[in-house]
Amino acid sequence: MQKAILAVLYHSVMLSDNNVRHQYCPDGIESWCAFKRDPTKIFKTQPHHLQPVFLEFLLPIFQRLSDPVLLRRCLAGYTQNQNESLNSLVWLRAPKHKHRGARSIELAVILTILQFSKGSSAKHGIMARLNIPPGDFSLVGSAIKDKTRINKAKRVEAAEMKKRREKKRQGKKKLEELWQQQEGVSYESGGFNELDIPSTSAQTSAKKKKKTSH
């Protein structure tokens with residue numbers, strides 16, 4: 001994934017050395033990179049390609065995006081978009097359908113980040129520094145909001161875990177069905193009872209008869 005992220009940047013920058021430019025692009029004839037599919041072919045410049053000067057400014061950003069610590073956080077497979085969740089809190093304070101000045105938007109963003117990072121109770125510290133002590137109703141209301149938010153997050157996480165377990169069980173069941181189609185039934189309850197295997201007593205009687213005949 002690190003190479004794929006860096007490939008987005010390097011592939012789009014018009015570097016003079018194609019080997020450097022396409023060093024992170026996937027190899028093979030099925031690659032999405034035209035140069036890797038056929039290095040002898042002339043690589044055409046497109047309008048969206050960037051001048052080399054942009055590489056210096058964009059590379060640190062792409063390096064942060066491809067940091068292993070950040071990528072490991074993607075392994076859990078969560079689908080919630082944190083940015084959208086953050087934006088919704090901003091627009092809750094400054095609705096899009098109403099005109100707001102830059103100062104109002106800035107204040108809405110600050111309060112949103114504060115709540116998103118520390119919870120609803122975090123604003124009480126700022127109020128105290130402004131000599132505006134929060135009242136009892138404000139304290140109780142913020143505590144309820146924080147508790148509700150935590151409980152909701154736990155329910156969502158539990159639901160996601162349940163979905164993943166169900167998906168895993170379904171995948172295992174499909175795999176077993178595929179094996180059964182390829183190899184036939186390898187085990188079933190009581191299946192061996194149908195085999196024509198003589199019992200121990202029958203085998204003993206047969207041996208005695210054989211000795212008597214001799």
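Residues numbered from 1 in each chain as written. Predicted model: local features only at pLDDT ≥ 70, side-chain atom pairs only at ≥ 80, totals over all residues. Heavy atoms only, no water.

A. Layout of the side chain of aspartate 146. As for its placement among the helices and strands, aspartate 146 is situated in helix 9 (residues 136-183). Excluding anything up to four places from it in sequence, aspartate 146 contacts Gly119, Ser120 and Ser121. (Helix = DSSP H or I, 4+ residues; strand = E, 2+ residues; numbered from the N terminus. Contact = heavy atoms within 4.5 Å.)

B. Highlighting the packing of helix 1 (residues 2-12) against helix 4 (residues 53-65). In contact at an axis separation of 9 Å, helix 1 and helix 4 are set at 170° when each is read in the N-to-C sense. Taken together, helix 1 and helix 4 sit at an angle that is classed as roughly antiparallel. Handedness of the crossing formed by helix 1 with helix 4: right-handed. Residues Ile5, Leu6, Val8, Leu9 and Tyr10 of helix 1 form the contact with helix 4, whose own contacting residues are Leu55, Leu58, Leu59, Phe62 and Leu65. Here the residues of the contact of helix 1 with helix 4 sort into ten nonpolar, no polar and no charged. (Axes fitted to C-alpha atoms, helices over the stretch in contact; angles between N-to-C directions. Parallel < 35°, antiparallel > 145°, perpendicular 65-115°, else oblique. Left-handed = near helix turned anticlockwise from the far one by under 90°. Nonpolar A, V, L, I, M, F, W, Y, C, P; charged D, E, K, R; others polar.)

C. Geometry of the side chain of serine 31. Relative to the assigned elements, serine 31 resides in the loop between helix 2 (18-21) and helix 3 (34-37). Residue classification places serine 31 among the buried positions, given a relative accessible area of 5%. Reaching out from serine 31, the side chain makes a polar contact with the backbone oxygen of proline 26 at a distance of 2.6 Å. Here serine 31 is in contact with Pro26, Lys36 and Arg37, once residues within four sequence places are set aside. (Buried < 20%, exposed > 50% of the residue type's maximum accessible area, 1.4 Å probe, protein only. Polar contact = N/O pair within 3.5 Å; in protein donor to acceptor, adjacent residues only side chain to side chain.)

D. Molecular detail of the nonpolar core. Membership of the largest hydrophobic core is limited to ten residues, which are Ile5, Leu6, Leu9, Tyr10, Val13, Leu15, Leu55, Leu59, Phe62 and Leu71. Looking at this core, the elements that each hand over two or more residues are helix 1 and helix 4. A per-element tally of this core places helix 1 first, with four residues. (Core = buried A, V, L, I, M, F, W, Y, C linked by side-chain atoms within 4.5 Å.)

E. Representation of the pattern of salt bridges. One pass over the full model with this rule turns up two salt bridges. Between aspartate 27 and lysine 36 there is a salt bridge whose closest N-O contact spans 2.7 Å. Where arginine 103 meets glutamate 106, a salt bridge forms, and the shortest distance between an N and an O atom there is 3.7 Å. Taken as a pair, arginine 103 and glutamate 106 lie in helix 7 (residues 102-118) at a separation of three residues, close to a single helical turn. Glutamate 106 gets classed as partly exposed once you look at its relative accessible area, which sits at 41%. (Salt bridge = Lys/Arg side-chain N within 4 Å of Asp/Glu carboxyl O.)

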